[in-house]
Amino acid sequence: MIEVEGLTKRYGSTVAVDDLSFSVAPGTVTGFLGPNGAGKSTTLRAILGLVRPDTGTTTVLGKAYRNLERPISQVGALLETFDAHPGRSGRNHLRVLAAAARIPTPRVDELLALVELTDSARRRAKGYSLGMRQRLGLAAALLGDPEVLILDEPANGLDPQGIRWLRDLLRARARDGGTVLISSHVLAEVAQTVDEVVIIHRGKLIQHAAMAEVEAMAAGSTIVRSPDSDRLAVLLTQAGVDVDSRKDGRLTVAAPPERVGEIAAANGVVLHELTTERATLEEVFLQLTAPEESE
Amino acid sequence: MSALVSAEFLKFRTTRAWIGFLLAAVALTAIAAAGTVGTARDDQLGTAQLSRDIVSTSLFTALIALMIGIMSVTAEWRHGTVTRTFLVTPRRERVLIAKELWVALLAAALAVLAIVLVLAIAVPWLAVEGSSLKLDGGVAGLVGRIVIASVLWGTLGVGVGAVVQSQTFALVGAVIWIIVVEALIIALLRLVDLDGVGEYLPGRALSSFDGTEEGGLTTWAAGAVSLAWVIALGLLGYVRMSRQDVT
């Protein structure tokens, strides 16, 4: 369980997060979305006790992060900045964290194997590729086997197999009753992973909805072409469906193709074309974050 | 707290910096000890003063301890590891206390190592010249003070690191403070007949305590003033760290 309540954070005259409230329930994966600079990282850092809110509160598992008894065994976090010492090996980086949190060393090797870093574990981290750094960060997040995961752009630098692996892992966590919050600036990237989305823009909450609802927004409309399009338009309107005539003589209908086809068949209207026009998730995302853009 | 101290120990020995610190401590001490023994005049051999001068060369570890203390904090900011450190231990005062304890232990160990090294150089060398160290009560007290001084310098460094945070500014600033700024302040205070106040400056107090300078305070008063500076800088460092945004 993650709760953000009236969170506001200013940096000088810039308002990074503006009276933001949302909560993430156990058993779900929630996508935390917004364009770059929307305030996602600041919000995550506030939840993790790294950034001090100007007003508002954040809690994880009912407590402020700093009051958790065994922080990394309760909450696993990955942030965008690389946080291992470049001169220390990946394995020693995890050993330091394990020592501080009283996690036994065998767990370190277990995690290195899980993120497939065993072969490079004893090399200094400065030589790691972006993907390896990301996997080391994920290993650090998972080290304490926490029930809550808070990951900032976790797919960064991962190859397609890595993204697939991460998706399965996060889904499994949520299935086991865990709470997962992952940020991204690309909706399509997390669409297959998340149950819910929290969309913010300029520090403000734009939308908190089930992923299914967002997908419904992308369901779009049906394009129909008929030699008898005027009559069809009337029939559809009578059926309570919005219809627009297009310049090319086709109709744009705000109903699924099944409905359009049924109405046409019932009235003996000939159809020459019946297609769906789908908005991409990114178009929905842009549309949601657009109204603020014009300010 | 013991887990955090052992994590600090692990941090220290899992990068290569410790090799540099150890080599610097050994080299500086060895050179200073050899120089002191080698340049001793015949009439100095066997005197308590020479024995004290020789043992005092182990004080170079105090400088190394100061650097280790500073860098134990500043390296976290320099490399961004502070983010993960605070995620593991969000109670930041615990991080700072663990660093103080760890640096105190290390500084004491370094001082003991340096004293052993100095004795290993001086005792056989003096034996060849037909002399020996005069290990009286004064020297024994000096050994104790060197160990404590090393701990004080090291923990002072932790406070400086926590207050300044920039590694370069902290390291360069500490040296400039001791060599230039304090000397300047003391000179200015003399001009206005406030000589006594200068004795309470951190570098001066520590040097009076460890015996590298003849200060106006008694040894133990200088030690108490030094400890007060360690605590004050540690608290100031905590105040800065506790409210700070880590981005």
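Note that the coordinates shown come from a computational prediction; the quantities given were computed from them, not determined experimentally.

Before going further, it helps to examine the overall build of chain A. What chain A contains, in helices and strands, is 11 helices and 13 strands. In terms of C-alpha radius of gyration, chain A reaches 24 Å, well past the compact-globule figure of 19 Å for 295 residues. Counting only C-alpha atoms, chain A reaches 75 × 45 × 30 Å along its principal axes. Relative to its full complement of 295 residues, chain A shows a buried share of 43%. Taking the contacts inside chain A whose residues are at least 6 apart along the sequence as the reference set, 69% of them involve residues at least 24 apart.

To continue, consider the overall build of chain B. Within chain B, the regular secondary structure consists of 11 helices and 0 strands. Listing each helix as α and each strand as β along chain B from the N terminus yields α-α-α-α-α-α-α-α-α-α-α. Relative to the globule expectation of 18 Å for 247 residues, the C-alpha radius of gyration of chain B, 19 Å, shows essentially globular dimensions. Projecting the C-alpha coordinates of chain B onto the three principal axes gives extents of approximately 65 × 50 × 25 Å.

Here we come to the pairing of strand S10 (residues 221–225) of chain A. All names here are of chain A. Pairing analysis gives 5 bridges linking S10 to strand S13 (residues 273–277), with the strands arranged antiparallel. Bridged to Ser 221 within S13 is Glu 277. Bridge count between S10 and strand S12 (residues 251–253): 3 bridges; the pairing is antiparallel. Counterpart to Thr 222 in the pairing with S12 is Val 253.

Attention now moves to the sheet that holds strand S1 (residues 2–11) of chain A. Adjacent strands of a sheet pair through backbone hydrogen bonds, lying either parallel or antiparallel. Residues and elements named next belong to chain A. Spatial strand order, S2-S1-S4: 3 strands in an open sheet with antiparallel pairing. The open sheet has two edge strands, strand S2 (14–24) and strand S4 (55–60), and neither has a second partner. The sheet shows a mean angle of 20 degrees between the axes of neighbouring strands, direction not considered. Bridge count between S1 and S4: 5 bridges; the pairing is antiparallel. Looking across to S4, one finds that Glu 5 is bridged to Thr 57. In the packing of helix H1 (residues 40–47) onto the sheet, contacts are made with S1, S2 and S4, and the angle to S1 comes to roughly 120 degrees.

The next subject is the sheet that holds strand S11 (residues 243–245) of chain A. All names here are of chain A. Spatially, S11-S12-S10-S13 is the arrangement adopted by the 4 strands of the open sheet, whose pairing is antiparallel. The open sheet terminates on both sides in strands that have one partner only, identified here as S11 and S13. Each adjacent strand pair in this sheet contributes to an overall mean axis angle of 25 degrees, direction not counted. Against the sheet, helix H10 (residues 257–266) contacts S10, S12 and S13, and its axis sits at roughly 155 degrees relative to S13.

Time to look at the nonpolar core. Formed by 145 residues in total, the largest nonpolar core has its most connected members in Leu97(A), Ala139(A), Leu143(A) and Ile150(A). Sort the elements by how many residues they give to this core and helix H6 (residues 92–128) of chain B lands first, with 16 residues. Excluding residues that lie within four positions of it along the chain, Ile150(A) makes contacts with Leu44(A), Ile47(A), Leu48(A), Val75(A), Ala77(A) and Leu181(A). Judged by nonpolar contacts, the second largest core, of 8 residues, contains Leu232(A), Leu236(A), Val243(A) and Val260(A).

At the junction of the two partners, chain A supplies 29 residues and chain B supplies 24 residues. For the side of chain A that touches chain B, the leading source of residues is helix H3 (residues 90–100) of chain A, giving 6 residues. Grouping the constituent residues of the side of chain A that touches chain B by class yields 17 nonpolar, 5 polar and 7 charged.

The next point concerns H3(A). By the criterion of burial, H3(A) is predominantly enclosed, with 11 of the 11 residues buried. On its buried face, H3(A) is in contact with helix H2 (71–74), helix H4 (105–114) and helix H5 (130–142) of chain A together with helix H1 (2–13) and helix H5 (82–88) of chain B.

We now examine the packing of H6(B) against helix H11 (residues 219–242) of chain B. Residues and elements named next belong to chain B. At a minimum axis separation of 9 Å, H6 and H11 run at an interaxial angle of 145 degrees. In the crossing of H6 with H11, the sense of the turn from one axis to the other is right-handed. Within the contact between the two elements, H6 uses Arg 92, Glu 93, Leu 96 and Glu 100 and H11 uses Gly 234, Gly 237, Tyr 238, Met 241 and Ser 242. Residues that form the contact of H6 with H11 fall into these classes: 3 nonpolar, 3 polar and 3 charged.

What follows covers helix H8 (residues 167–191) of chain B. For an α-helix, the turn length of 3.6 residues means that residues three or four places apart are oriented alike. Taking 1.5 Å as the rise per residue, H8(B) with 25 residues should run 36 Å; its terminal C-alpha atoms sit 34 Å apart, in good agreement. Positive backbone phi, at 60 degrees, marks Asp193(B), one or two positions downstream of H8(B).

Turning our attention to the environment of Val175(B). Residues and elements named next belong to chain B. Assignment of secondary structure puts Val 175 in helix H8. Looking at Val 175, the number of C-beta atoms within 10 Å reads 13, which means it is partly exposed. Placed 109 residues apart in sequence, Val 175 and Leu 66 show a C-alpha to C-alpha distance of 9.9 Å.

In the contact formed by H3(A) and H1(B), the axes pass within 7 Å of each other and the chain directions differ by 165 degrees. Here H3(A) lies roughly antiparallel to H1(B), going by the angle between them. The two elements H3(A) and H1(B) cross, and the hand of that crossing is right-handed. Across the interface between the two elements, Arg95(A), Val96(A), Ala99(A) and Ala100(A) of H3(A) pack against Ala3(B), Leu4(B), Ser6(B), Ala7(B), Leu10(B) and Lys11(B) of H1(B).

What follows concerns the confidence of the model for chain B. Of the residues in chain B, 100% have a pLDDT of 70 or more, and the chain-wide mean is 92. Predicted complex, confidence summary: ipTM 0.90, pTM 0.88.

On to the environment of Gly177(A), then. Topologically, Gly177(A) is positioned in the loop between helix H6 (160–175) and strand S7 (179–184). Once the C-alpha coordinates of Gly177(A) and Gly27(A) are considered, the two residues, 150 residues apart in sequence, prove to be 4.1 Å apart.

As a further point, take the environment of Val82(B). Residue and element names in this part refer to chain B. Counting through the fold element by element, Val 82 comes out in helix H5. Judged by C-beta crowding, with 22 C-beta atoms within 10 Å, Val 82 ranks as buried. Taking C-alpha positions, Val 82 is 15 Å from Val 164, a pair spaced 82 residues apart along the chain. With residues up to four places along the chain from it excluded, the contact list for Val 82 reads Glu 76, Trp 77 and Val 246.

Calculation rules
- Residues numbered from 1 in each chain as written.
- Chains lettered and ligands numbered in written order.
- Predicted model: local features only at pLDDT ≥ 70, side-chain atom pairs only at ≥ 80, totals over all residues.
- Helix = DSSP H or I, 4+ residues; strand = E, 2+ residues; numbered from the N terminus.
- Rg over C-alpha atoms; globule rule 2.2 N^0.38 Å.
- Buried ≥ 20, exposed ≤ 12 C-beta atoms within 10 Å, placed from the backbone.
- Contact = placed C-beta atoms within 7 Å.
- Pairing = 2+ DSSP bridges.
- Axes fitted to C-alpha atoms, helices over the stretch in contact; angles between N-to-C directions.
- Core = buried A, V, L, I, M, F, W, Y, C linked by C-beta atoms within 7 Å.
- Nonpolar A, V, L, I, M, F, W, Y, C, P; charged D, E, K, R; others polar.
- Left-handed = near helix turned anticlockwise from the far one by under 90°.
- Expected span 1.5 Å × (residues − 1).
- Parallel < 35°, antiparallel > 145°, perpendicular 65-115°, else oblique.
- pLDDT = per-residue confidence, 0-100.

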